[in-house]
Amino acid sequence: MTAPALTAGPARRTSTVLVASALVAAGAAALMGGMLAMWLQFRANAPTRVASDGVSLIKDWLKKDVAIPEVASNTMMFTFVIACVMAQWAVYSARRGDKSHTTLALAVTLFTGLAILNAQVALWMQIDIVLRNDAYETMFYTVTGTMFAIVASAMVYSLVAMFRVLAGRTGDHDVLTGHALYWYAVSGMFAAMWFVVYVQK
Amino acid sequence: MVMTATQAQSATGSVAVSTSPLGAVARWVTLADHVRIGMSLALGAALWLAIAAVVGVVLGVERFDVGASVVNADAHIQLFSVHQFALVFGVAAPLMLGIALWSVPSQLHASNISLPRLAAFGWWAWLAGSITVLVSYLGNGGPGGGSERYVETYLLGLGLVMLGLVALAISLATTVLTRRNGLPLSAISLGAFSAVVGALGMVLTLPVAIGTIVYLWVDYTNARVAFGGAGLIDSWLGWTMREPQTLLYVAPALGVLGDAAVRTAKSRQPLRGVMLTAMGIAATVILSSVTQQAHVFTVGTSPSETLASFVPYALFNVVPLLAPVVVILLSLLALKAGTPSLSGAFVAAFLGVGMIFTGLVGSAAMHLDVLDLVGTVFGEAALVYVVYGAVLASIGAVALHAGAVTGKALPDLPVTLLALLGVAATVLASLPHYIAGLLDQPRAAAVGYDDSGIVGIANIATSLGHALMLLVLIAFIGLFVSSRRSAAIADRYRVEASA
């Protein structure tokens, strides 16, 4: 006697939160990518002039006497690595049903974001430029300020995810996966900005 | 006790909905279902279409006689700019998104859209932003505006409009990607497929424009050394309101035509894979948009130089043409495969996509250096073709889905007649400017050309075209409202599209 064939179960629905997180991340990446592309265009097209020695050419972009505070910018870059590890730890803990570790991981992610914002503010206070002189200054504050807002949005995501876990919704793995995905994307955006704005200048 | 909530639970457990005017307003303010959001967007777009049509009439009259002046010469730049904004971000983008949000859940057999509150935020952001932009124009703001405060207001409003559209597009794309009831993307309705193509395109391109707006705003409010002030706003953001970027906004029209063909003929699309590929080709516009280049084709002094100019021109101007042309041809093939009959939805969608195609062809021709059309009214005409084509396709979409969404189908004959009138309005509002463009009438200017003879007639003809489109709009709204109040008629499009 043969067993009756089982009918196929309902197809698993793609997670709304995960797809939405990916789309928001894609939009944010397009935003930052566009801004960095304009930065590169402006830098390439910056006018050149003859220096005071009468021989060498100077590009009117970043002034020679302005130093980028590289300790703060590099610290931010490394802090993003910690944020990504913590966000993934939250996913791992949630899958194991460990509420306390999930909460802790999300809290650390949140505070890591806060540390990044703190480092960004410190960098703005250390760098000796104002917003009124040239294209470089305008674009520097605009692109770093936009990145600041994107990191703040990731922190809001961490906060919401943490409150959901604290409220007992530990089974929402998709939210935590979407949260981790967003932090990965934000880290990628910052890495691109870090290389273009702080390393290549 | 005064009831403040819009809903109250009765003793029997049923939910009673407040019928007071305050309750109705509260329900509308807190709307979070696809029908209300979609209809609100369509209504908002209809109001902007009325504004665009009226401004189009004024501009045509203004350009009819270079010597005479209907409006203050200082306001010319604002008038041309508001016309462009109204057509693109007032009509094309919100109308297509609104119709898609309105109809896609019924196409997917879903109860609602995904992320309805995000969509509601998008609607309110678009509404607030578009009103802000309108106010800024009235206060001498906008591109080339003389009032600093209102130029800043314009940038704020434009950013808000784009943010709202991105939120709506995310909600739409998420709906199609997650509420397919297990169907692969290749098996969903053509309308839903084209909607997701357009939505993804907007999600990937409009943030680039938002980034540019942030740069412009910071520069304008501070140093004004990098981006050139109000006079150059259009040079930085103009790509968002020109072809081929506009194809992304109107991409859902392609799916409307595809669905209308198979439902009219009660057939299957014989080459469904090719149809889906053609719709996907519309996404190549993303490449063109984010590079923000004109990609004009110039014949060089050597074959390699000519090829170097032709390849980017063809990629960014000719390839997108394949999307509407293949969809049109395959729709006719679907009709042939079934039992074709007169259908208002098909006629409106077919003519609409045809107009969109004509606009894109015009845009491609404009980028041929040998024709020397850049900077003429030729470009304005191409935009009007695309946007009014999208309006016609939207009429087709409403006729196609009204029965499924509202339970009240629209009568075929009036829709067909309105579609024919609409195509006459579109041609009248656009074709004369193709001719005037070939005769070197400059764009966005009411002086500096010879208005005698055919150019003067062309300008007054465009006025008539815009006025006619306004009549079509009013008549269609009247038809839709009257159909809601009258007895239900048989929905001939109820047969599902082939899977």
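Remember, it's a predicted structure, so these values are computed and weren't measured experimentally. (Residues numbered from 1 in each chain as written. Chains lettered and ligands numbered in written order. Predicted model: local features only at pLDDT ≥ 70, side-chain atom pairs only at ≥ 80, totals over all residues. Heavy atoms only, no water.)

Remarks on the overall build of chain B
Across its full length, chain B holds 16 helices and 2 strands. Computed over its C-alpha atoms, the radius of gyration of chain B comes to 23 Å, within 12% of the 23 Å expected for a compact globule of 499 residues. Judged by the C-alpha coordinates and their principal axes, chain B covers about 75 × 60 × 40 Å. Relative to its 499 residues, chain B shows a buried fraction of 58%. Counting only contacts in chain B whose residues sit at least 6 apart along the sequence, the fraction spanning at least 24 positions is 83%. When the accessible surface of chain B is totalled, it reaches about 18600 Å², and 70% of it is carbon and sulfur. Looking at chain B, you have 20 positive and 20 negative side-chain charges, and the mean spots of the two groups are 23 Å apart. (Helix = DSSP H or I, 4+ residues; strand = E, 2+ residues; numbered from the N terminus. Rg over C-alpha atoms; globule rule 2.2 N^0.38 Å. Buried < 20%, exposed > 50% of the residue type's maximum accessible area, 1.4 Å probe, protein only. Contact = heavy atoms within 4.5 Å. Areas by Shrake-Rupley, 256 points an atom, 1.4 Å probe, with all protein chains shown as cover. Lys, Arg positive; Asp, Glu negative; His and termini not counted. Charge placed at Lys NZ, Arg CZ, Asp CG, Glu CD.)

Points about the overall build of chain A
Summing up its helical and strand segments, chain A has 5 helices and 2 strands in all. Traced from its N-terminal end to its C-terminal end, chain A shows the element sequence α-β-β-α-α-α-α. Against the 2.2 N^0.38 benchmark of 17 Å for 201 residues, chain A shows a C-alpha radius of gyration of 22 Å, more extended than a compact globule. The principal-axis extent of the C-alpha atoms belonging to chain A is close to 95 × 35 × 25 Å.

Regarding the interface of chain B and chain A
Contacts between the two partners involve 29 residues from chain B and, on the opposite side, 29 residues from chain A. The largest share of the area that chain B buries against chain A comes from T178, Y215 and N222 of chain B, three residues that together contribute 27% of it. Taken together, chain B and chain A are joined by 0 salt bridges. Scanning the region where chain B abuts chain A turns up 1 residue pair in polar contact (both at pLDDT 80 or more). For the side of chain B that touches chain A, the elements supplying multiple residues, two or more each, are α5 (148-178) and α6 (190-221) of chain B. In terms of residues, the side of chain B that touches chain A owes the most to one element, α6 of chain B, which gives 13 residues. Residue composition of the side of chain B that touches chain A, grouped by class: 18 nonpolar, 8 polar and 3 charged. (Buried area = accessible area lost by both parts, 1.4 Å probe. Salt bridge = Lys/Arg side-chain N within 4 Å of Asp/Glu carboxyl O. Polar contact = N/O pair within 3.5 Å; in protein donor to acceptor, adjacent residues only side chain to side chain. Nonpolar A, V, L, I, M, F, W, Y, C, P; charged D, E, K, R; others polar.)

Re the pattern of salt bridges
All names here are of chain B. Across all of its chains, the model carries 5 salt bridges over all chains by this definition. For the salt bridge of R63 with E380, the shortest nitrogen-to-oxygen distance reads 2.7 Å. Residue R63 is found in helix α2 (residues 34-64), and its partner E380 is found in helix α14 (residues 378-406); the two are separated by 317 residues along the sequence. Looking at R63, the relative accessible area reads 3%, which means it is buried. With relative accessibility at 18%, the residue E380 sits in the buried group. Ionic pairing is found between D234 and R443, a salt bridge with its closest N-O pair at 3.9 Å. Here D234 is found in helix α7 (residues 233-237), whereas its partner R443 is found in the loop between α15 (412-438) and α16 (454-485), with 209 residues between them in sequence. Judged by relative accessible area, which is 33%, R443 ranks as partly exposed.

Section: the packing of aromatic side chains
Inspection of every chain in the model, using the stated rule, returns 25 aromatic pairs over all chains. Taken together, the aromatic side chains of W39, W124, Y136, F140, Y141, F148 and Y198 of chain A make up a single cluster linked through ring pairs. (Phe/Tyr/Trp six-rings, centres within 6.5 Å; stacked < 30°, edge-to-face > 60°.)

Some details on a nonpolar patch on the surface
A cluster of nonpolar residues, L342, L413, L417 and L420 of chain B, forms a patch on the protein surface that exposes about 410 Å² of accessible area. Residue position: L413 of chain B is located in helix α15. (Patch = residues over 30% accessible without salt bridge, like charges linked within 9 Å, V, L, I, M, F, W, Y side chains within 5 Å.)

Points about the packing of helix α4 (residues 116-138) of chain B against α5 of chain B
The description of two helices packed together rests on the angle between their axes and the distance between the axes. All names here are of chain B. At a minimum axis separation of 7 Å, α4 and α5 run at an interaxial angle of 155°. In terms of axis orientation, α4 runs roughly antiparallel to α5. The interaxial crossing formed by α4 with α5 has left-handed handedness. (Axes fitted to C-alpha atoms, helices over the stretch in contact; angles between N-to-C directions. Parallel < 35°, antiparallel > 145°, perpendicular 65-115°, else oblique. Left-handed = near helix turned anticlockwise from the far one by under 90°.)

Considerations on the nonpolar core
In terms of nonpolar packing, the biggest core is built from 221 residues, with W39 and F140 of chain A together with I37, F89, L158 and L165 of chain B touching the most fellow members. Once residues lying within four places of it in the same chain are set aside, the contact partners of F140 of chain A are W39, I68, L123, W124, I127, I129, V197 and Y198 of chain A. (Core = buried A, V, L, I, M, F, W, Y, C linked by side-chain atoms within 4.5 Å.)

A word on the side chain of E62 of chain B
Residue placement: E62 of chain B occurs in helix α2. Contact partners of E62 of chain B, with chain neighbours within four places excluded, come to A68, S69, V70, V71, H76 and A446 of chain B.

Focus on α2 of chain B
Across its 31 residues, α2 of chain B extends 44 Å between first and last C-alpha, which sits within 8% of the 45 Å expected from 1.5 Å per residue. Put simply, D33 of chain B is the residue that caps the front of α2 of chain B, since its side-chain oxygen is 3.1 Å from the backbone nitrogen of V35 of chain B. (Expected span 1.5 Å × (residues − 1).)

Considering the packing of helix α13 (residues 344-366) of chain B against α15 of chain B
Residue and element names in this part refer to chain B. Where α13 meets α15, the closest approach of the two axes is 8 Å, and the angle between their N-to-C directions is 10°. The angle between the axes of α13 and α15 places the two elements in the roughly parallel class. Every residue of α15 that contacts α13 at G344, A345, V347, A348, L351, M355, T358, G359 and G362 is listed here: D412, V415, T416, A419, L420, V423, T426, V427 and Y434. Residue composition of the contact of α13 with α15, grouped by class: 11 nonpolar, 6 polar and 1 charged.

Observations regarding unusual backbone geometry
Residues and elements named next belong to chain B. P244 follows E243 through a cis peptide bond whose omega is 5°. Looking at where P244 falls in the secondary structure, it is placed in the loop between α7 and α8 (245-250). At H109, a position not held by glycine, the phi torsion is positive, near 60°. Of the residues examined, H109 reaches a relative accessible area of 56% and is grouped as exposed. Of note in the backbone geometry, D372 takes a positive phi value of approximately 55° without being a glycine. For D372, the location among the structural elements is in the loop between α13 and α14. Here D372 falls in the exposed class, since its relative accessible area comes to 54%.

Regarding the environment of A53 of chain B
All names here are of chain B. Along the polypeptide, A53 turns up in helix α2. With a relative accessible area of 1%, A53 lands in the buried category. It is 4.8 Å that separates the C-alpha atoms of A53 and H466, two residues lying 413 residues apart in sequence. Ignoring sequence-local partners within four residues, the contact set of A53 consists of Y388, H466 and L470.

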